[in-house]
Amino acid sequence: MKHAMIGSSVIGVLNAIPAFGAMLLVNSFLVGELDRIGLGETVLFGLVVGVLGTFLTALMNRSEQKQQQKTVPHGARVAVAEVAGMTLVGGVLAPLMAGTPGFLGWGLLAGFLGSLPNLLIMAPWKPSGSEAEFERKTKDFGDMTRETVDEIQQERAAKSREKHGDPWDQRHNQGWWT
C-alpha cells in the first residue's frame, strides 16, 4: 500500500494540472465576479484536488486490485472511482476555500473536469493485460531507462574529458621533482 500511495502522490501532482485548469475556467467564466477565488487559491485547489483525489481513487480501487489480483485493475467500478476521487475532493474543498456552500457545485464540476484527462488516457473500463505482461513491460521500461541514463552519463564524461582532460592521467606531473 505504501508504494501505491507514493505512486499516487506523483500521479496526483500531474493530475493537479487539469484540476487547476478546470477550476481556472470555472472560476473565470461561470462564477460571478464577486464570488471568485484568487489565483493562488486556484493553484492550491488544483494541487490538493489532484493529490488527495488520486489518493482517494487508489483507496477505492484497492478492493478491485485484490479481487482481480492485478496491479492495474479494470472495469466499471474502477472507471467510476477514477472520476469520483477528484470530483468528491473538489466538491468538499471548493466550499471550504471560497467560504460559501454555493461553491459545492463549482468544485464538483472542476474536480470532474480535472479527472477526465486521466480517465481518457488510462481507459480503466477496458480490460488490461495479464500481470506477467504488466511486469514485463515495467521491467523493459526500467531497462530502457537505465540504458538511456548510462548513455547520457558516458556522453557527459567524454565531453568533460575533452574539455578538462582526464583527472586520473598524471603523465603531465611526471618528473616534477627533477
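These notes cover the structure that comes with them. Because the structure is predicted, anything quoted here is derived from the model rather than measured. (Residues numbered from 1 in each chain as written. Predicted model: local features only at pLDDT ≥ 70, side-chain atom pairs only at ≥ 80, totals over all residues. Heavy atoms only, no water.)

**Considerations on the pattern of salt bridges**
Here's step 1: Counted under the stated rule, the structure contains 5 salt bridges.
Here's step 2: Here Arg-136 makes a salt bridge to Asp-140, at a shortest N to O gap of 3.1 Å. With Arg-136 and Asp-140 both in helix α5 (residues 131-164) and 4 residues apart, this pair spans about one turn of that helix.
Here's step 3: Asp-143 is the partner of Arg-146 in a salt bridge, and the nearest nitrogen-oxygen pair spans 2.9 Å. A residue pair is termed a helical-turn pair when its members lie 3 or 4 positions apart in one helix, as Arg-146 and Asp-143 do in helix α5 at 3 residues.
Here's step 4: You can call Arg-146 exposed: its relative accessible area is 51%.
Here's step 5: The exposure class assigned to Asp-143 is partly exposed, which follows from its relative accessible area of 24%.
Here's step 6: Among the charged side chains, a salt-bridge network with shared partners connects Lys-139, Asp-143 and Arg-146. (Salt bridge = Lys/Arg side-chain N within 4 Å of Asp/Glu carboxyl O. Helix = DSSP H or I, 4+ residues; strand = E, 2+ residues; numbered from the N terminus. Buried < 20%, exposed > 50% of the residue type's maximum accessible area, 1.4 Å probe, protein only.)

**Focus on the layout of surface pockets**
Here's step 1: The calculated volume of the largest pocket comes to roughly 1,100 Å³.
Here's step 2: Lining the largest pocket are 35 residues, and of these Thr-71, Val-72, Pro-73, Met-122 and Phe-134 lie nearest its centre.
Here's step 3: When residues of the lining of the largest pocket are traced back to their parent elements, those giving at least two are α1 (2-30), α2 (39-68), α3 (76-98), α4 (104-122) and α5.
Here's step 4: Counting residues per element, the lining of the largest pocket draws most heavily on α1, at 7 residues.
Here's step 5: For the lining of the largest pocket, a count of residues per class yields 15 nonpolar, 14 polar and 6 charged. (1 Å grid on protein atoms, 1.4 Å probe; cavity = no way out; pocket = protein on both sides within 12 Å on 5 of 7 lines; lining within 4 Å. Points joined across faces, edges and corners; volume = space filled by probe spheres on them. Nonpolar A, V, L, I, M, F, W, Y, C, P; charged D, E, K, R; others polar.)

**Structural notes on the nonpolar core**
Here's step 1: Residues Met-23, Phe-45, Val-49, Phe-103 and Ala-110 are the most contacted members of the largest nonpolar core, which totals 15 residues.
Here's step 2: With 5 residues, α3 is the single largest residue contributor to this core.
Here's step 3: Those residues in contact with Met-23 that sit more than four places away from it in its chain are Ile-37, Thr-42, Phe-45, Ala-94, Phe-103 and Ala-110. (Core = buried A, V, L, I, M, F, W, Y, C linked by side-chain atoms within 4.5 Å. Contact = heavy atoms within 4.5 Å.)

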